[in-house]
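# A structural walkthrough
The primary structure of each chain is shown beneath.
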Amino acid sequence: MIYDQSIPRLDAHTHLFHDRDYLEDLLDEWRLKVLVINITGDDLFDRPMDERWEAMVAMKERYPDRVGLCTSFDPAGVTEEGVADRVVEQLDRHLEAGATAVKVWKDIGLDVRDEDGSYVQIDDPRFQPIWAFLAERDVPVIAHTGEPRAAWQPLDEDSPHYRFYSENPKYHMYRCDDVPDWTEVMAARDRWLEDNPALTVVGAHLGSMAHDVEMVADRLERYDNFYVDTAERFGDLVTQPTPKVRDFFKQYADRILYGTDVIVEHPPDQVPKEKQIEEKEEYESVLSDHWEYLTSGHPIVMQDKLVEPIRVTGLDLPPDVLQAVYHDNAAALYGFPD
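Throughout what follows, the structure given in this document is the object of discussion. Keep in mind the model is a prediction, meaning the values are calculated, not measured. All residue numbers refer to position in the chain's written sequence, counted from 1. Side-chain atom pairs in this predicted model are given and counted only at pLDDT of 80 or more, local residue features only at pLDDT of at least 70, and totals for whole chains, interfaces and linings cover all residues. Hydrogens and water are ignored here; the side-chain numbers use all heavy atoms of the structure.

## So, the packing of helix H3 (residues 83-96) against helix H5 (residues 128-136)
To keep it simple, the criterion reads: For helices, the axis comes from a line fit to the C-alpha atoms of the stretch in contact; other axes are also lines fit to C-alpha atoms, and the angle between any two N-to-C directions lies between 0 and 180 degrees. Only DSSP runs of H or I covering at least 4 residues are called helices, and only runs of E covering at least 2 are called strands; the numbering of each starts at the N terminus. Should an angle lie under 35 degrees it is considered roughly parallel, over 145 roughly antiparallel, and from 65 to 115 roughly perpendicular; all remaining angles are considered oblique. Working rule for handedness: look at the near helix, and if it is turned counterclockwise from the far one by less than a right angle, call the crossing left-handed; if clockwise, right-handed. In this analysis, two residues are considered to be in contact whenever any of their non-hydrogen atoms come within 4.5 Å of each other. Three categories are distinguished: nonpolar for Ala, Val, Leu, Ile, Met, Phe, Trp, Tyr, Cys and Pro, charged for Asp, Glu, Lys and Arg, and polar for the others, with Gly belonging to the last.
Between H3 and H5, whose axes approach to 9 Å, the crossing angle comes to 25°. Judged on the interaxial angle alone, H5 and H3 are roughly parallel. In this structure, H3 crosses over H5, and the sense of that crossing is right-handed. Of the residues in H5, those in contact with Ala84, Val87, Val88, Leu91, Asp92 and Leu95 of H3 are Pro129, Ile130, Phe133 and Leu134. Its residues assigned to classes, the contact of H3 with H5 comprises nine nonpolar, no polar and one charged.

## Brief notes about a negative patch on the surface
Threshold: Without a salt bridge and with relative accessible area above 30%, a residue can belong to a patch; like charges are then joined within 9 Å and nonpolar side chains (Val, Leu, Ile, Met, Phe, Trp, Tyr) within 5 Å. Accessible surface is estimated by sampling points in the Shrake-Rupley manner with a 1.4 Å probe; for residues, cover comes only from the protein chains shown. When a carboxyl oxygen of Asp or Glu is within 4 Å of a side-chain nitrogen of Lys or Arg, the pair counts as a salt bridge. By the counting scheme adopted, Arg and Lys are positive, Glu and Asp are negative, and His together with the chain ends is not counted. The atom standing in for a charge is NZ when the residue is Lys, CZ when it is Arg, CG when it is Asp and CD when it is Glu.
On the surface, Glu274, Glu278, Glu281 and Glu282 cluster together to form a negatively charged patch. Mapped onto the elements, Glu281 comes out in helix H12 (residues 273-295).

## Observations concerning the pairing of strand S7 (residues 226-229)
Operational definition: Three exposure classes are used, based on accessible area relative to the maximum for each residue type with a 1.4 Å probe and protein chains only: buried under 20%, partly exposed in between, and exposed over 50%. We call two strands paired when DSSP finds no fewer than two bridges between them.
The alternating pattern of S7 places Phe226 and Val228 and Tyr227 and Asp229 on opposite faces, both of which are buried. The sheet contact formed by strand S6 (residues 201-203) and S7 spans three bridges and is parallel. By the bridge assignment for S7, Val202 is matched with Tyr227. As paired strands, S7 and strand S8 (residues 256-257) are joined by two bridges and run parallel to one another. Paired with Asp229 across the bridge in S8 is Leu257.

## A short note on the nonpolar core
Our working definition: By convention a nonpolar core is built from buried Ala, Val, Leu, Ile, Met, Phe, Trp, Tyr and Cys residues, the set being connected through side-chain atoms within 4.5 Å.
Counting 114 residues, the largest nonpolar core has Trp131, Tyr293 and Tyr334 as its most contacted members. What Trp131 contacts, discounting residues up to four positions off in sequence, is Phe73, Val104, Ile122, Val141, Trp192, Asn196 and Leu199.

## Observations concerning the packing of aromatic side chains
So the rule is basically this: Between 30 and 60 degrees the pair is tilted, below 30 it is stacked and above 60 it is edge-to-face, where a pair is any two Phe, Tyr or Trp rings, Trp via its six-membered ring, whose centres lie within 6.5 Å. Only Lys NZ and Arg CZ are tested; either one counts as a charge over a ring when it is within 6 Å of the ring centre and within 35 degrees of the ring normal.
Under the criterion given, the structure shown has eleven aromatic pairs. Their ring planes at 55° and their centres at 6.0 Å tell us that Phe127 and Trp131 sit as a pair that is tilted. No difference in accessibility class separates Phe127 from Trp131, as the two residues are buried. With a centroid separation of 5.8 Å and 45° between ring planes, the pair formed by Phe248 and Tyr252 is classed as tilted. Take Tyr252: its relative accessible area is 7%, and that puts it in the buried class. One aromatic cluster is present, formed by Phe234, Tyr258, Trp291, Tyr293 and Tyr326 through successive ring pairs. One cation-aromatic arrangement involves Arg52 over Phe17; the distance from NZ or CZ to the ring centre is 5.2 Å.

## A look at the side chain of Asp212
Basically, it comes down to this: Here a polar contact is taken to be a pair of N or O atoms separated by no more than 3.5 Å, where protein atoms must pair a possible hydrogen donor with a possible acceptor and residues adjacent in sequence count only if both atoms sit in side chains.
On the secondary structure map, Asp212 appears in the loop between helix H8 (204-207) and helix H9 (213-222). Reaching out from Asp212, the side chain makes a polar contact with the backbone nitrogen of Glu214 at a distance of 3.0 Å. The contacts of Asp212, once residues within four sequence positions are left out, are Gln240 and Lys244.

## Considerations on unusual backbone geometry
We note that Asp138 has phi near 60°; this positive angle belongs to a residue other than glycine. Assignment of secondary structure puts Asp138 in the loop between H5 and strand S5 (141-143). Under the relative-accessibility criterion, Asp138 is labelled exposed at 61%.

## What to know about the pairing of strand S1 (residues 9-16)
Condition: Crossover handedness is defined by viewing with both strands directed away from the observer: a clockwise path from the first strand over the helix to the second marks the crossover as right-handed.
Where burial is concerned, most of S1 is hidden: eight out of the eight residues are buried. The β-α-β motif built from S1, the intervening helix H1 (residues 23-29) and the parallel element strand S2 (residues 32-37) has right-handed crossover chirality. Judged from the three bridges that link them, S1 and strand S9 (residues 262-264) form a sheet pairing that is parallel. Bridge pairing in S9 links His15 to Ile263.

## Here's the deal with H12
Stated precisely, the cut-off is as follows: By definition here, a helix of n residues has an expected span of 1.5 Å times n minus one.
The terminal C-alpha atoms of H12, which comprises 23 residues, lie 33 Å apart, in line with the 33 Å expected from a rise of 1.5 Å per residue. Within H12, burial applies to Gln276, Glu279, Lys280, Tyr283, Glu284, Leu287, Ser288, His290, Trp291, Tyr293, Leu294 and Thr295.

## As for the sheet that holds S8
With respect to topology, nine strands assemble into an open sheet ordered S8-S7-S6-S5-S4-S3-S2-S1-S9, the strand pairing being parallel. Pairing within the sheet leaves two strands with one partner each, and these edge strands are S8 and S9. Alignment of S2 against strand S3 (residues 67-72), held across four bridges, turns out to be parallel. From the neighbouring strand, Ile37 faces S3, where its bridge partner is Cys70.

As far as function goes, none of this settles anything; it's purely spatial.
Here is the structure:
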């Protein structure tokens, strides 16, 4: 599918931790900019967070106008004295090095524990100096709080999350009685938003409410400081009625950011050329499928990591909505040049 070059594209949720020989051509061909997001989750990747950050900074130096940086911090030391000061010092250094956003991950709420064994939630007052610092600097927080609601439900072969939780059972919390439930994590996130009206928050993955865009809309109405990105949640969108999803995008066009959640984990010298070609083709396939879903008004077939491809009618969004979702919202929040 040929991409309409009249609308620029900004993938506001990637984990492109390492450069690639094909990246410059891909950015040119698709008129694409990318925000590269670091996260904690060292168990997910071969290299620790600090090494990923160094590779991200090098990529930013090569593509200064087309690559943006989002840093992160490790919340595991929340029980230690002075942790907020140490985090602020680290974030200040990373902002000076070019970061324009900060990511918090689902380990807050579902992994990090207090001294008494209870789970630490995002609205814990010990984090408050960090939020105050970021609000004062007008730095947005990309918040992956919680998981899809399906993580707490029985495995369902018709769910877009079936494959992930089947292959990653440690993240499937059904019948895990000691883990906070979905409503508890969402309630903590909502309190955090309410307590920090000056802090801009982007709810990653449609705010972990992707199963129901009306629920996302409710939070956008309640919290003026809240935005969402679409990363890795097109599978949820296509299972909802097309008119409902279309109306959501049109009504909240200035609050939705396009994102894919694409991952490039390893340095190029560790990845065979054939695999790098596959990486590029897979990324372009995702970009193309998303574009067709958002722009066309005819039936299409979407895969997007669904167990089985699904036939759905495209949203046929108007150009002004596409411009906002694909580029303008993220460019403004994350400081990309025009």
